[in-house]
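Chain residues, written in single-letter form:
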Amino acid sequence: MEKSLWRQHILPFTLLLGLLAAATLAGDYLLHRLNLVWIGRYLGIPGTLLIILSLVYSLRKRKYITAGSPKTLLRLHEIGTWLGSLMVLIHAGIHFNAILPWLATIAMGVNVISGMVGKLLLERSRRHVQGQRQHFELRGLSQRELEQAVFWDAVTLDAMAQWRKVHIPIFIVFAVLALGHIVSILLFWGWI
Ligand code: HEM
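It should be emphasised that the depicted structure is a prediction, and the values quoted were computed from it without experimental measurement.

**Things to note about unusual backbone geometry**
With glycine set apart, most residues show a phi of negative sign, and most peptide bonds adopt trans. Although it is not a glycine, Asn35 adopts a positive phi angle of roughly 55 degrees. Following the sequence through the fold, Asn35 ends up in the loop between helix 1 (2-33) and helix 2 (37-54). Looking at Asn35, the number of C-beta atoms within 10 Å reads 7, which means it is exposed.

**Overview of the site of the ligand**
Contacts to the ligand come from 26 residues, most closely from Ser58, Glu78, Thr81, Gly115 and Gly118. Within the residue set of the shell around the ligand, elements represented by two or more residues are helix 3 (56-61), helix 4 (70-92), helix 5 (99-130) and helix 8 (158-188). Looking at the shell around the ligand, the element that brings in the most residues is helix 5, giving 8 residues. Residues of the shell around the ligand, tallied by class, amount to 13 nonpolar, 8 polar and 5 charged.

**Here's the deal with the environment of Ser69**
With respect to the helices and strands, Ser69 occurs in the loop between helix 3 and helix 4. Judged by the 14 C-beta atoms lying within 10 Å of it, Ser69 is partly exposed. Spatially, the C-alpha atoms of Ser69 and Ile10 are 27 Å apart, while their sequence positions differ by 59 residues.

Analysis parameters
- Residues numbered from 1 in each chain as written.
- Predicted model: local features only at pLDDT ≥ 70, side-chain atom pairs only at ≥ 80, totals over all residues.
- Helix = DSSP H or I, 4+ residues; strand = E, 2+ residues; numbered from the N terminus.
- Buried ≥ 20, exposed ≤ 12 C-beta atoms within 10 Å, placed from the backbone.
- Near = placed C-beta within 6 Å.
- Nonpolar A, V, L, I, M, F, W, Y, C, P; charged D, E, K, R; others polar.

Printed below as a string of structure tokens:
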């Protein structure tokens, strides 16, 4: 049990987070080394777009759209927010010009870590729900219906519901701060 907790949950979580930190440091170092710091200044834009695009999962989940496999979209959410955050972190670099962008960066960091905790919880509930498969199979559901039923069950389990009460407010704080940062840059550029 102890071993599986470590191997199935803590280790992947640590790797995902450690890799993000290492890739941020390496990216920042390389851009400085190659005199390409200007790329970092614009990396915030594709990073933000990637994070916004990855929120399609939420639209699918809340049935604003009906196309696409929820499982795949969640996968894309995880990859898209991870990559997008990496870009935004490199973009933030170690430059300190104003408070607001740093507050936004911290909120994003908390958001990313909380997302990874959610992934960990989801994997746990998925394993739990798999135990109920047999029951569904007995009811004669097709393979596709079965996959969907198990997926939605895993997503709605209690631990996930509790986690969402934290993750979504954090997301809103992050979104507001990021928007504030973006608006102030557009003002600075004289676009609005
Ligand atoms: C900038 C970073 C992130 C933002 C803004 C973000 C935003 C969100 C939002 C708004 C939801 C709620 C979806 C809904 O209930 O409609 C969500 C759910 C979720 N996110 Fe993230 N997220 C981020 C990073 C991550 C990361 C890095 C991971 C994992 C590697 C992740 C994994 C998840 C999981 C597993 C769910 C739960 C799925 C569900 O409840 O249906 N997120 N995220």
